[in-house]
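# Coordinates in review
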Amino acid sequence: MRKPRFHGKLPGMTTSVTVLGLGYVGLPTAALLASRGLRVHGVDTSAAVRATLAAGRSHIAEADVEALLERALRAGLFTLHAEPPPADVFVIAVPTPLGPGHAPMLGHVLDAARALAPALRSGDLVLLESTSPIGTTARIAELLRGLRPELGEVHVAYGPERVLPGRILAELVENDRVAGGLTPEATRRAVAFYRLFVRGEVHATDAATAEMVKLSENAFRDVNIAFANELSLIAGRHELDVWRVIELANRHPRVNILKPGPGVGGHCIAVDPWFLAHGAPEAARLIPAARAVDAAKRAAVLEQASALCAAGERVICLGLAFKGDVDDLRESPALAIAAALAQRHPGLVVAVEPHLDAPPAGLEAPLLSLDAALELPGTLLVLTDHRVFARLPPAALAGRRIIDTRGIFRRPIVPHREENA
Ligand SMILES: NC(=O)c1ccc[n+]([C@@H]2O[C@H](COP(=O)([O-])OP(=O)(O)OC[C@H]3O[C@@H](n4cnc5c(N)ncnc54)[C@H](O)[C@@H]3O)[C@@H](O)[C@H]2O)c1
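The paragraphs below set out a description of the structure included in this document.

Cut-offs used in this document
Residues numbered from 1 in each chain as written. Predicted model: local features only at pLDDT ≥ 70, side-chain atom pairs only at ≥ 80, totals over all residues. Heavy atoms only, no water. Salt bridge = Lys/Arg side-chain N within 4 Å of Asp/Glu carboxyl O. Helix = DSSP H or I, 4+ residues; strand = E, 2+ residues; numbered from the N terminus. Buried < 20%, exposed > 50% of the residue type's maximum accessible area, 1.4 Å probe, protein only. Pairing = 2+ DSSP bridges. Axes fitted to C-alpha atoms, helices over the stretch in contact; angles between N-to-C directions.

## A word on the pattern of salt bridges
This model, assessed by the stated rule, comprises 21 salt bridges. A salt bridge links arginine 291 to aspartate 222; the shortest N-O distance between them is 2.7 Å. Within this pair, whereas arginine 291 is found in helix H11 (residues 286–310), its partner aspartate 222 is found in helix H8 (residues 207–237), the two being separated by 69 residues in sequence. According to the relative accessible area criterion, arginine 291 is buried, its value standing at 11%. When the shortest N-O distance is used, the salt bridge between aspartate 328 and arginine 330 registers 3.1 Å. Look at arginine 330 and you get partly exposed, because its relative accessible area is 35%. Connected through shared salt-bridge partners, Asp222, Arg291, Asp294 and Arg298 make up one network.

## Here's the deal with the sheet that holds strand E10 (residues 349–352)
Here we have four strands laid out as an open sheet, ordered E10-E9-E11-E12, and parallel in their pairing. With one partner strand each, in any of the chains shown, E10 and strand E12 (402–404) form the two edges of the open sheet. Across the sheet, the axes of successive neighbouring strands diverge by a mean angle of 20°, strand direction being ignored. By the bridge criterion, four bridges tie strand E9 (residues 315–318) to strand E11 (residues 379–382) in an arrangement that is parallel. Each residue of the ladder has a partner; that of valine 315, found in E11, is threonine 379.

In structure tokens:
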């Protein structure tokens, strides 16, 4: 591993940073910056979030963030605010949800820009980190120019975040980053800023390219998982084992098909591709098609399970989270399928989600422990690849009908002799 690079002060002597939005991205970033000796002003519109953080508690379940937060508060390097105080660098890490018609909603980002405008000084750097449609960084610069026309140059750049929940602090430091300014000087300052705490490479580009890079990463995942899901639907028609098909196809040196499942979820992969398609609808054909395949795969799983319920069979839904070993229900296909199934067949559906104590909103079905659910007769519908499900011994599954949308009960590959030849 490369040695940490600590570049000290930024050009222009950065000593303070104001971070707007203290969620999964903003809070770890703020805590990390404080741990590098910078004075960090944390800004969040939620009074509850500010109060929790001021008490030294993290409102996000993320390894080591609370310890870093406590240290930063004790050192007097992290303070909480409703309005942005002046600083050398402003980082915007507020939500960018999807609105009606799959249109990106930039209200939080624009509100954050408006809020920081009074605190801006000439020469400051404003860094947008929220996942945003192409052109958003330029829009922010225009907004700031309109609000503070008397200021000299304000540097505006985009620095997308690629962290994986559960490993955010580690990935903030280790991942490569892309930083793109609206001017070469803004890019230079953004790159220098990230080098204060990033050990990975920091790649310089322009703002619009950086915006598209971020969206392309998530659209790549979405399109390729949709391809795997389409293969699973085709294989189903031919009564073939799609997992075996993919395993063997991936023995080709230049083929790497991803895993099928009940659909993609989480707040990134199911959302960000629309940001890309929205800006150029006439050019974007594959991305909306991938989203449609995702919907078709969810529907196919639902219909398969629903047919069993219609025949009087109980269905035990294993997992509600959008992927294995996380508690995140956002855009979760597992939750959507379980909820729709329970709505269609009251009394015939139960769910198991080890990360929850009670059924989440929208699910009209009992939530049972894995052990209690396995006491019941019925089909197992695997919707999430939690390790605790994959480790179930064969005896616990014996004699059951299983719809394994994640392929967790497949045996490891035992190559046939002729395939090894
Ligand atoms: N969570 C991730 O793993 C991840 C990864 C990459 C990119 N992103 C992107 O980063 C951005 C932030 O995501 P997140 O997961 O940290 O969101 P989050 O919902 O966890 O936190 C956002 C915080 O911003 C606050 N907020 C809203 N409007 C505000 C405003 N105008 N001023 C100040 N604070 C405001 C909210 O109260 C909330 O505490 C999004 O664009 C997201 O797509 C997230």
